[in-house]
Amino acid sequence: MLDAAEPKLVFSEDSETLSENVFRRIQAAIVKGEIAPGSKISEPELARVYGISRGPLREAIHRLEGQRLLVRVPHVGARVVSLSHAELIELYEIRESLEGMACRLAAQRMTVEQIDELRGVLDTHEQDAAFQAGLGYYQQEGDYDFHYRIIQGSGNGTLTQMLCGELYQRVRMYRIQFSATPNRPRQAFAEHHRILDAIADRDGELAELLMRRHIGASRRNVERHMADASHPHNNERGES
């Protein structure tokens with residue numbers, strides 16, 4: 001739920017534009033689940049909460065539609081994307097294949113400096129308070145995202161555009177949603193280290209295999225969550 005008491009946006013020539021600012025803030029609220037999947041977008045409410053006129057707001061909404069975080073529903077308006085079980089599994093299948101390829105290429109092409117920086121990213125993840133408490137995995141985007149760094153390190157522009165462009169924020173949305181599963185943050189962190197070691201050893205075949213297994217484990221985690229949501233009595237009986 002959005003907080004109406006949130007500070008209003010202030011524009012200055014030195015800052016990003018109003019539209020860019022509100023785009024980033026709404027994007028973050030959607031990806032983190034603060035605006036729930038399937039929620040109807042109310043332009044008057046958003047204009048009030050963010051202290052912005054309808055013109056720049058509509059520009060931001062249009063960009064969010066371009067990222068497929070918002071979808072236009074006939075006679076209803078814009079809603080936050082909510083993927084079906086089948087669509088979500090398809091998304092993970094795509095990731096498993098394409099990120100596996102990115103890993104193999106990264107093992108061939110990343111510089112020693114880039115690999116050292118990637119180790120630094122994992123060090124940052126390990127020190128995160130939420131991770132230390134077992135509450136979830138580090139969720140910053142871009143250069144602080146392990147997967148993003150590997151995709152960039154693949155040196156393949158088309159692959160980078162596919163995974164870091166249209167798909168990226170939708171993938172983050174569901175990665176965040178399912179990252180707090182008990183024991184999963186520690187498991188994912190250990191898997192990241194094994195992937196990085198394979199990249200550092202220039203073993204592209206192993207790096208690809210480990211990334212595919214890593215994303216496959218995440219997909220199975222999602223499937224379990226969805227099965228439990230569909231059959232809540234399973235949890236009551238202690239089934240997994």
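Residues numbered from 1 in each chain as written. Predicted model: local features only at pLDDT ≥ 70, side-chain atom pairs only at ≥ 80, totals over all residues. Heavy atoms only, no water.

Notes on the environment of Thr-17
Piece 1. Here Thr-17 is to be found in the segment before α1 (18–31).
Piece 2. The partly exposed category is assigned to Thr-17, whose relative accessible area is 45%.
Piece 3. The spacing of Thr-17 and Pro-56 is 39 residues in sequence and 8.8 Å in space, taken between C-alpha atoms. (Helix = DSSP H or I, 4+ residues; strand = E, 2+ residues; numbered from the N terminus. Buried < 20%, exposed > 50% of the residue type's maximum accessible area, 1.4 Å probe, protein only.)

Quick word on the packing of helix α4 (residues 85–109) against helix α8 (residues 157–166)
Piece 1. With their axes 11 Å apart at the nearest point, α4 and α8 run at an angle of 135° to one another. Judged by the inter-axis angle, α4 sits oblique to α8. In the crossing of α4 with α8, the sense of the turn from one axis to the other is left-handed. The residues of α8 that touch α4, namely those facing Leu-98, Glu-99, Met-101, Ala-102 and Leu-105, are Leu-159, Met-162 and Leu-163.
Piece 2. Among the residues forming the contact of α4 with α8, the class breakdown is seven nonpolar, no polar and one charged. (Axes fitted to C-alpha atoms, helices over the stretch in contact; angles between N-to-C directions. Parallel < 35°, antiparallel > 145°, perpendicular 65-115°, else oblique. Left-handed = near helix turned anticlockwise from the far one by under 90°. Contact = heavy atoms within 4.5 Å. Nonpolar A, V, L, I, M, F, W, Y, C, P; charged D, E, K, R; others polar.)

Overview of the nonpolar core
Piece 1. Counting 65 residues, the largest nonpolar core has Ile-26, Leu-88, Ile-150 and Ile-199 as the members making the most contacts within it.
Piece 2. When residues of this core are assigned to their parent elements, the largest contribution, nine residues, is made by α4.
Piece 3. Beyond its immediate sequence surroundings of up to four residues, Ile-150 is in contact with Ala-102, Cys-103, Ala-106, Leu-118, Ile-195, Ile-199 and Met-211. (Core = buried A, V, L, I, M, F, W, Y, C linked by side-chain atoms within 4.5 Å.)

Looking at the side chain of Arg-170
Piece 1. Assignment of secondary structure puts Arg-170 in helix α9 (residues 168–178).
Piece 2. Among the residues examined, Arg-170 registers a relative accessible area of 10% and is labelled buried.
Piece 3. Discounting residues that sit within four places of it in the chain, Arg-170 has contacts with Gln-67, Arg-68, Leu-69, Val-81 and Leu-91.

A few points about the confidence of the model for the protein
Piece 1. Taken residue by residue, the protein gives an average pLDDT of 84. The fraction at 70 or more is 84%.
Piece 2. Predicted confidence is poor over residues 3–15, with pLDDT under 50, and the contacts of this stretch with residues over four places away or in other chains come to 20 contacts.
Piece 3. Here residues 234–240 is modelled with pLDDT under 50, and outside its nearest four sequence neighbours on either side it reaches two contacts, counting other chains as well. (pLDDT = per-residue confidence, 0-100.)

Structural notes on the packing of helix α5 (residues 112–127) against helix α7 (residues 146–153)
Piece 1. For the pair α5 and α7, the least separation of the axes is 10 Å and the interaxial angle reads 170°. Here α5 lies roughly antiparallel to α7, going by the angle between them. For the pair α5 and α7, the contacting residues are Glu-117, Leu-118, Val-121, Leu-122 and His-125 in the first and Phe-146, Arg-149 and Ile-150 in the second.
Piece 2. Residue classes in the contact of α5 with α7 are distributed as five nonpolar, one polar and two charged.

Topic: helix α2 (residues 43–50)
Piece 1. Along α2, the positions that sit buried rather than exposed are Glu-43, Leu-46, Ala-47, Val-49 and Tyr-50. Each buried residue of α2 lies within a common arc of 165° when the element is viewed along its axis, so the set occupies one face.
Piece 2. Structurally, α2 contributes buried residues whose contacts are with α1 and α3 (54–66). (Arc of directions from axis to C-beta.)

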